[in-house]
Protein chains: 2
Amino acid sequence: MTNERRWADTSGLPPAPDATAKPVTLAHVARLAGVSENTVSRVIRDKGSIAPETRQRVNAAIEQLGYVPNRAAGSLASSSSLIIGVILPSLSNIVFPEVLRGINAGLSATPYRPMIGVTDYDLDIEHQLIASLLAWQPAAIITTGFDHTVGARRMLENSRVRVAELMDIDNAPIDLAVGLSHHEAGRAMAHHLVQRGYCNIAYVGHDWTADRRAHARYVGLCEGLAETGLSLVAECRTDQASSTLEGRKTLSNLLSGGVHIDAVAFSNDDMAVGGFMHCLAVNIAVPEELALIGFNGLEIGQVLPKPLTTVLSNRFAIGKTAVELLLAGVQRPDETVKIDTGFSIVEGATA
Amino acid sequence: MTNERRWADTSGLPPAPDATAKPVTLAHVARLAGVSENTVSRVIRDKGSIAPETRQRVNAAIEQLGYVPNRAAGSLASSSSLIIGVILPSLSNIVFPEVLRGINAGLSATPYRPMIGVTDYDLDIEHQLIASLLAWQPAAIITTGFDHTVGARRMLENSRVRVAELMDIDNAPIDLAVGLSHHEAGRAMAHHLVQRGYCNIAYVGHDWTADRRAHARYVGLCEGLAETGLSLVAECRTDQASSTLEGRKTLSNLLSGGVHIDAVAFSNDDMAVGGFMHCLAVNIAVPEELALIGFNGLEIGQVLPKPLTTVLSNRFAIGKTAVELLLAGVQRPDETVKIDTGFSIVEGATA
DNA sequence: CTGTTAGCGCCTTCAT
DNA sequence: ATGAAGGCGCTAACAG
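Residues numbered from 1 in each chain as written. Chains lettered and ligands numbered in written order. Predicted model: local features only at pLDDT ≥ 70, side-chain atom pairs only at ≥ 80, totals over all residues. Heavy atoms only, no water.

(A) Molecular detail of the relation of the copies chain A and chain B. When chain A is fitted to chain B, the residual RMSD is 0.1 Å, and the transformation amounts to a turn of 180 degrees plus an axial shift of 0.0 Å. Viewed as a symmetry operation, the transformation between the two copies matches a two-fold axis. The share of interface residues of chain A whose copies in chain B are also at the interface is 100%, consistent with both copies meeting through the same surface. (Least-squares fit on C-alpha atoms with pLDDT ≥ 70 in both. Contact = heavy atoms within 4.5 Å.)

Structure below.
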């Protein structure tokens, strides 16, 4: 980034409008500048060619009147708005807020604004949100993963808006996918543990029906182990959403099973941090007695007495990259695009 | 909540529109139902009285055509949109996403959608965001705290939109304030520590220039101590934003000062959890050698080997309550309103 | 309870 | 490089 100058700057400190006064419109600006409304509109949108002198007069008038364009009128006239619809599965842990942070960062120097919805991992809710966001004729819709209801997929395909599916790249996108291969990330976790000499490896996870990517990592993990002739010696899953609390409980459950385990792969860092806390509480030496590996690379894992070994997903980059690509081309490209933002093993001290 | 029936239900699984076909409009629905556009509009908005039989025919036509109202047109015609502008200082820790979660929860059964902006604690950015959101003629703007630029305040006061200022209630709101008294919360922390018998109390904090509420808690803390004849024996502040990492470092700095300290009040839970990690790493017994108290009541604090003693702020409730009050009355009330969502001491095991 | 008439403020298309 | 005309889809005000 970035070409700030692409976007008309409507900030600054305009004289605040009087509550009683009618809001300033294009017509007012046009009259003051002594040009037609159309010319003012062109200046604002930086479209067509305008005489430098005219542009200057118009900008002066805009500033003098504190003109702020009415977005609803613009949207109606152009059948498309400066809205980016953003659909997130959840706001309950820090992962999706970080994606949103990336989206916001990509948008902050533009006149586009994110309008958000939260699905709670429910595809029917996603469907409704898509319909509801499409009613605003947004420039793009950003959602998560490749699972959608049949109707939702059709709406997205048939609409002319650009669509980004985030987090995952293991499937065919509607338009643009930005994320990482969770399957590969799972394999990488397996290989890391095996290389470190662990061979009694177990899994602690959370609800897969909601979080399909966690399942993809699990499958990759098993596959990675199989490639070295190993397999999981035990596993324990909660049917709850992931949380440190569930991680703590679920590891405790796993260990009460009596199987000899020397390393645990967790479905994500929240679960892993919870597991670490369990070890602290019952005096299990990490990693000597039990090694732990998480997924995500959250800050909290790096502040533990022993920094958590984990896999970094580039959540901020996923959001930011998606927005940049979306805004780079208004038209949906002929070919779908997948962007791999990658992952990397964070060599902590717990595995 | 709630009275779902107040809001026209435009969900369901309408036949997805064909990309080539013109989108369905009110006129199409009106023709099919054999009524005027206006009647359809009334049915959708549930305004005025409609013959049950007419309503039914209209609804059937809407469903049959998969009609989705064009929000831009509606906004333009009514000079007000179904947008709630939400301005947050940050998305980097879990606190504001939880407020947003509350806002979203309050909005989910309504046709209103949040449009968001992030200030990074910068009032000039807030000012620009307010201007930019006001361009959408939102039904309300939700922001944080009472500090705004002169221009921003004027824009909000002069606009007819409802305004909620969240988190804090220690000042006079423009329209509605929902939050808690951070000053009182600070006092409560002081009294809690003193009651527990600690008398060599120190403070570990983060950047106040950005986070004025953290400062308010500090002032309350000092005042609370003074009420019992005490004062802080030491304090250490980082000029960074709060994080577990900074908490860990800053406590380490504080303790290297050589002053005898038996309890530390932290500016928030992120800092306190970091402090706890420091104690674990250097083998300081908590709370025997050093007691710790945080602020916020984050989940992570409750998963520590010893649950963190802290002060619960009701972040979800703040967001949800604000939205409910905002939507309860479209008009700004004559008198400003302050809602105290309160706080409570979480009696953990660290103080 | 329902229909008619005018816009809302801007953008697109076509002229010049 | 600029202007004129028309309409985007909906809602408000007024009839009836």
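Still more to cover.
(B) Main features of the domain arrangement of chain A. All names here are of chain A. Each assigned domain of chain A is listed with its residue range as follows: domain 1 (26-69), domain 2 (78-181 + 315-344) and domain 3 (182-312). Here the C-alpha centre of domain 3 lies 29 Å away from the C-alpha centre of domain 2. Contact residues are listed per partner, giving 18 residues for domain 2 and 18 residues for domain 3. Taking both partners together, domain 2 and domain 3 bury about 1,300 Å²; carbon and sulfur atoms supply 52% of that area. At the boundary of domain 2 with domain 3, the tally comes to 1 salt bridge. Of the charged contacts, one joins Arg212 and Asp147 as a salt bridge, the two residues approaching to 3.1 Å between their closest N and O atoms. On inspection of domain 2 and its partner domain 3, the count reaches 10 residue pairs in polar contact (both at pLDDT 80 or more). (Domains from an automatic or database assignment. Buried area = accessible area lost by both parts, 1.4 Å probe. Salt bridge = Lys/Arg side-chain N within 4 Å of Asp/Glu carboxyl O. Polar contact = N/O pair within 3.5 Å; in protein donor to acceptor, adjacent residues only side chain to side chain.)

(C) Region of the structure containing the sheet that holds strand 6 (residues 201-205) of chain A. Residue and element names in this part refer to chain A. What the 4 strands build is an open sheet, ordered 7-6-8-9; its pairing is parallel. For this open sheet the edge positions go to strand 7 (234-237) and strand 9 (291-293), each flanked by a neighbour on one side alone. Neighbour to neighbour, the strand axes of the sheet diverge by 15 degrees on average, direction disregarded. In this sheet, strand 7 lies alongside strand 6 in parallel orientation, the contact comprising 4 bridges. Each residue of the ladder has a partner; that of Val204, found in strand 7, is Cys236. Helix 9 (residues 212-227) rests against strand 6, strand 7 and strand 8 (263-266) of the sheet, and its axis sits at about 175 degrees to strand 6. (Pairing = 2+ DSSP bridges. Helix = DSSP H or I, 4+ residues; strand = E, 2+ residues; numbered from the N terminus. Axes fitted to C-alpha atoms, helices over the stretch in contact; angles between N-to-C directions.)

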